[in-house]
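Each chain, written out:
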Amino acid sequence: MQQGSPFLFARGPRITTLICCVSSDALMEQLRKVKYPGFSRDIVSFGLVKSAELEGGVARVALAISTNDPKVPKQLRDEVERCLLAVAGVSRASVEVSVQAARAPAAPGVTGKPGSTKGIKSAIAIASGKGGVGKSTFAVNLACALARVLSERGRPGRVGLMDIDIYGPSVPLMIGLQGRPEVEGEGPASVLIPMERHGVKVMSMGFLVDDNTPVVWRGPMVMKTVQQFVQNVKWGELDVLLVDLPPGTGDAQLSLVQTLPLDGAVIVTTPQPAATQVALKGGLMFQKVNVPILGVAENMSYFVDPSGQRHALFGAGGGIATAERLGTVLLGQVPLVQAIREGGDRGIPVVVGEPGGPEAAVFASIAGALLLTLEKARSRPM
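Residues numbered from 1 in each chain as written. Predicted model: local features only at pLDDT ≥ 70, side-chain atom pairs only at ≥ 80, totals over all residues. Heavy atoms only, no water.

1. Considering the sheet that holds strand E3 (residues 49-55)
For sheets, the rule is that strands pair by backbone hydrogen bonds, running either parallel or antiparallel.
And step 1. As summarised here, the arrangement of the three strands in space is E3-E4-E5, forming an open sheet in which the pairing is mixed. In this open sheet, the two edge strands, each paired with only one partner strand, are E3 and strand E5 (92-100). Here the average twist between neighbouring strands, direction ignored, is 10°.
And step 2. With nine bridges joining them, strand E4 (residues 58-66) and E5 adopt parallel strand pairing. Residue pairing across strands places Val58 opposite Arg92, the latter belonging to E5.
And step 3. Across the sheet, helix H1 (residues 24-31) touches E3 and E4, and the angle it forms with E3 is around 125°. (Pairing = 2+ DSSP bridges. Helix = DSSP H or I, 4+ residues; strand = E, 2+ residues; numbered from the N terminus. Axes fitted to C-alpha atoms, helices over the stretch in contact; angles between N-to-C directions. Contact = heavy atoms within 4.5 Å.)

This is the structure:
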């Protein structure tokens, strides 16, 4: 029998007895089926399950939540009991729910600053898994494209870009911002005012440290910074907040999904297997915590030489293959062109500097597709 199997067999001379052995991990996996009321994410990924164990056929689970809605504790208790009783070997379920009054309408289990995220309609993570695929360049240009589309619809200033690439923040350079953000208020009640350029509100660690000062932090400091960028920044009314994530699937990613209710994630990759294999893992991480994948963007897809011939410098087909494996769509293919790199170095993204060019058209198409997806999701009944 394979190690970790939920069943053990005791063999005798005449009979084989089936003994069910349910581990705490098995109970936790079952509890991932329970969604927090009003959210697409489960109670495990929100960090609400404090313990889960089986004793003599009785499954005992302890939850700790923050809510002001008196209906939520009973709803969760009933749903958890129903879920546990569906497990073989569980004859009875005992669910203890500890409730703390929430100070703000934030993510379950998080007590943030009042009104910190209530004006944000949709939040999208921009992730890659692997570094060096142009994720931040993509995020900056997509933010500017979204700002242009929304401005044309009569909704200017409704896009935010949160750069939580703590160790290597490049968004300030690419979008052309310098200096320090203003602080409103004093003491614990103070909030940071995001800086703004090209119609995009921006917050980045790059605003808070000197260019020559490396950030040498352990995980808890990274997690705290992510929480502060969500809860202690006055984002105001936004239609879309893009979150530029660092490479990997570590502290920053987990802290984000536990702090900010995400409407989805966009996975950025280049075509070659070295990038797509890691991008796939990044996408699977979001799926594991019930964040929908809105699509895959293939960056540096091809190069067009002066004669008009297209060259697949990093291979071909990686983006669509990754999208298919994640069960999502390929949002677009961004070419490898000098203008995109130059725009980032000058702080004038190609979407802003050359709005009529083919590269800007790709980002505009992706922006339009994402807005349509978000609008459809909001129109669905809960």
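2. Some points on helix H3 (residues 135-152)
And step 1. Its 18 residues place the ends of H3 26 Å apart at the C-alpha level, agreeing with the 26 Å of an ideal helix rising 1.5 Å per residue.
And step 2. One or two residues past the end of H3 sits Gly154, with phi positive at roughly 85°. (Expected span 1.5 Å × (residues − 1).)

3. Some remarks on the sheet that holds strand E12 (residues 238-244)
And step 1. Ordered in space as E10-E11-E7-E12-E6-E13-E14-E17, the eight strands form an open sheet in which the pairing is mixed. Strand pairing shows two members of the sheet lacking a second neighbour, strand E10 (195-197) and strand E17 (330-333), which therefore form its edges. Each strand axis lies, on average, 25° off the axis of its neighbour in the sheet, ignoring direction.
And step 2. Sheet topology note: the strand E13 (residues 264-269)/strand E14 (residues 293-298) ladder contains five bridges and is parallel. In the sheet register, Thr269 faces E14, and the bridge partner there is Glu298.
And step 3. Contacting strand E6 (120-127), E13 and E14, helix H7 (residues 273-288) runs over the sheet at an angle of about 170° to E13.

4. A short note on the pattern of salt bridges
And step 1. What the rule picks out here adds up to eleven salt bridges.
And step 2. A salt bridge links Asp78 to Lys74; the shortest N-O distance between them is 2.7 Å. Of this pair, Asp78 and Lys74 both sit in helix H2 (residues 71-85), four residues apart, which is roughly one turn of that helix.
And step 3. A residue is classified by how much of its surface remains accessible, and Asp78, at 36% relative accessible area, is partly exposed.
And step 4. Where Lys234 meets Glu184, a salt bridge forms, and the shortest distance between an N and an O atom there is 3.0 Å. Pair noted here: Lys234 is in the loop between helix H5 (219-231) and E12 and Glu184 is in strand E8 (residues 182-184), with a separation of 50 residues, a long-range link. (Salt bridge = Lys/Arg side-chain N within 4 Å of Asp/Glu carboxyl O. Buried < 20%, exposed > 50% of the residue type's maximum accessible area, 1.4 Å probe, protein only.)

5. What to know about the nonpolar core
Side chains of a nonpolar character, in soluble globular proteins, are inclined to be buried together.
And step 1. One finds Phe138, Met162, Leu256 and Phe286 to be the most contacted residues of the largest nonpolar core, which totals 82 residues.
And step 2. Ranked by the residues each element gives to this core, the list is headed by H3, at eleven residues.
And step 3. Ignoring sequence-local partners within four residues, the contact set of Phe138 consists of Ile126, Val266, Val268, Ala297, Val334, Phe363 and Ile366.
And step 4. Ranked by size, the runner-up nonpolar core spans 24 residues in total, among them Ile43, Ile65, Ala93 and Val95. (Core = buried A, V, L, I, M, F, W, Y, C linked by side-chain atoms within 4.5 Å.)

6. A few points about the packing of H3 against helix H11 (residues 358-379)
And step 1. Between H3 and H11, the shortest axis-to-axis distance is 8 Å and the interhelical angle comes to 70°. Viewed along their axes, H3 and H11 adopt a mutual orientation that is roughly perpendicular. H3 and H11 meet at a crossing whose hand is right-handed. Note on element contacts: H11 touches H3 through Phe363, Ala364, Ile366, Ala367, Leu370 and Leu371, opposite Phe138, Asn141, Leu142, Ala145, Leu146, Val149 and Leu150. (Parallel < 35°, antiparallel > 145°, perpendicular 65-115°, else oblique. Left-handed = near helix turned anticlockwise from the far one by under 90°.)

That is the geometry; function is a separate question.
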